[in-house]
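Below are the chains, spelled out letter by letter.
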Amino acid sequence: MGFRKLDERFAVAGDDYLECLFSGGRWTEGPVYVPSGKYLLFSDIPNDRIMRWDETDGSVSVFRSPAGYTNGHTLDRQGRLVSCSHGARRVERTELDGSITVVADRWEGKRFNSPNDVVVSGDGAVWFTDPPYGITSDYEGHRSEPEIDGCHVYRVDPSGAVERVADDFERPNGLAFSPDESVLYIADTRRGHLRRFDVNGGKLTGGEVFAETPGGNFDGLRVDVKGRVWAAAADVHCFHPDGTHLATLPVPQPSVSNLVFGGPKRNRLFITATDSVYSIMLNTNGTWRL
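Residues numbered from 1 in each chain as written. Predicted model: local features only at pLDDT ≥ 70, side-chain atom pairs only at ≥ 80, totals over all residues. Heavy atoms only, no water.

Visitor: Before we go on, may I ask you to explain the sheet that holds strand E27 (residues 276-281) in this structure?
Guide: Sheet strands pair by backbone hydrogen bonding; their relative direction is either parallel or antiparallel. Spatially, four strands are ordered E2-E27-E26-E25 in an open sheet, and the strand pairing comes out antiparallel. The open sheet terminates on both sides in strands that have one partner only, identified here as strand E2 (19-23) and strand E25 (256-262). Shown here is a sheet whose adjacent strand axes are inclined to one another by a mean of 20°, direction ignored. The pairing of E2 with E27 spans four bridges and is antiparallel. Considered in E27, the bridge of Ser23 is made with Ser276. (Pairing = 2+ DSSP bridges. Helix = DSSP H or I, 4+ residues; strand = E, 2+ residues; numbered from the N terminus. Axes fitted to C-alpha atoms, helices over the stretch in contact; angles between N-to-C directions.)

Following this line, the structure appears as structure tokens:
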């Protein structure tokens, strides 16, 4: 099962098959590769656990349970795990000693809906999306009434100040920076498109539609060193920086939720899809922003 090439500029190659690393979850999400330990962490949200796949021996174990119905994860520049907790309705950080620090849990005194996906920029700021999936039912969190007037995108300054940086989304979801951090791509799942924002310090401008979904609902995003955008939807889709749909990687599950580049050289693409986790080795590399 290989790529379906749609544009001659697509020059990515690698394995011609997907390797299944794990199956038996309920809804796998939020993969993040931890290079210091050579392992992948990913969420199994309805089962309220974070799983750990060990690259050295292929074993899978429970990393944390209960896990606060965590969804998206990333690493900061110090190698600390930054997570979006549906259950606690907050962004949290796992310190190197294992303790948990709350990064942000409120906007102007009101609790977030259910932070979904997160990325840390080079200056240490934490950017995240806040749709309601963790409070609409008890499946991925705890059924609750929203306290905020919609679903927005936020930035936590290194000082701890929380800023709302985009407020015109229906369901903001995955987000990823371009290699030089001059652009932030954000998925709007409900509207079925990706948007492109220019980054000016801690502010976003622009926001034009970058790409429409070719099938399924856009979810998680990653960017490789060439600036190509890799998007989870019904399958995995790769887009040129100009928005052209370059290729599709079919995945044998109903829906792909997220993806991340990992491995020692960041050239192994890990994919969470429905109840499973897959990987494929490629001849391109992801940026350091996991």
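On we go from here.
Visitor: I keep staring at unusual backbone geometry and nothing clicks. Help me out?
Guide: Most peptide bonds take the trans configuration, and most residues that are not glycine carry a negative phi. The omega torsion of the bond from Ser65 to Pro66 falls at -5°, within 30 degrees of zero and hence cis. For Pro66, the position within the fold is in the loop between strand E6 (60-64) and strand E7 (70-75). Backbone geometry places Arg89, a non-glycine residue, at a positive phi of 55°. Note that Arg89 resides in the loop between strand E8 (81-85) and strand E9 (90-94). Not every positive phi belongs to a glycine, and Thr274 is a case in point at roughly 50°. By the secondary structure assignment, Thr274 is in the loop between strand E26 (268-273) and E27. When its relative accessible area of 16% is taken as the criterion, Thr274 is described as buried. (Buried < 20%, exposed > 50% of the residue type's maximum accessible area, 1.4 Å probe, protein only.)

Visitor: I keep staring at the side chain of Thr189 and nothing clicks. Help me out?
Guide: As for its position among the elements, Thr189 is in the loop between strand E18 (183-188) and strand E19 (193-200). Excluding anything up to four places from it in sequence, Thr189 contacts Tyr133, Arg171, Asn173, Asn217 and Phe218. (Contact = heavy atoms within 4.5 Å.)

Visitor: Explain the sheet that holds strand E13 (residues 118-120) to me, please; I cannot follow it from the model alone.
Guide: With antiparallel pairing, the four strands of this open sheet are ordered in space as E13-E14-E15-E16. Two strands bound the open sheet, and with one partner strand each, they are E13 and strand E16 (162-169). Between one strand axis and the next, the sheet turns by 15° as a mean value, whatever way the strands run. For E13 and strand E14 (residues 126-130), the ladder comprises three bridges, and the chain directions are antiparallel. The residue bridging Val119 from the neighbouring strand is Trp127, located in E14.

Visitor: Just to check I follow, could you spell out the packing of aromatic side chains for this structure?
Guide: Any pair of aromatic rings gets described here by the distance separating the centres and the angle formed by the planes. The full count for this structure, using the stated rule, is 16 aromatic pairs. One aromatic cluster is present, formed by Phe3, Phe10, Trp230 and Phe261 through successive ring pairs. Cation over ring: Arg52 sits above Tyr39, and NZ or CZ is 4.1 Å from the ring centre. The ring of Phe169 carries Arg195 above its face, with NZ or CZ at 4.5 Å from the centroid. (Phe/Tyr/Trp six-rings, centres within 6.5 Å; stacked < 30°, edge-to-face > 60°. Lys NZ or Arg CZ within 6 Å of the ring centre and 35° of its normal.)

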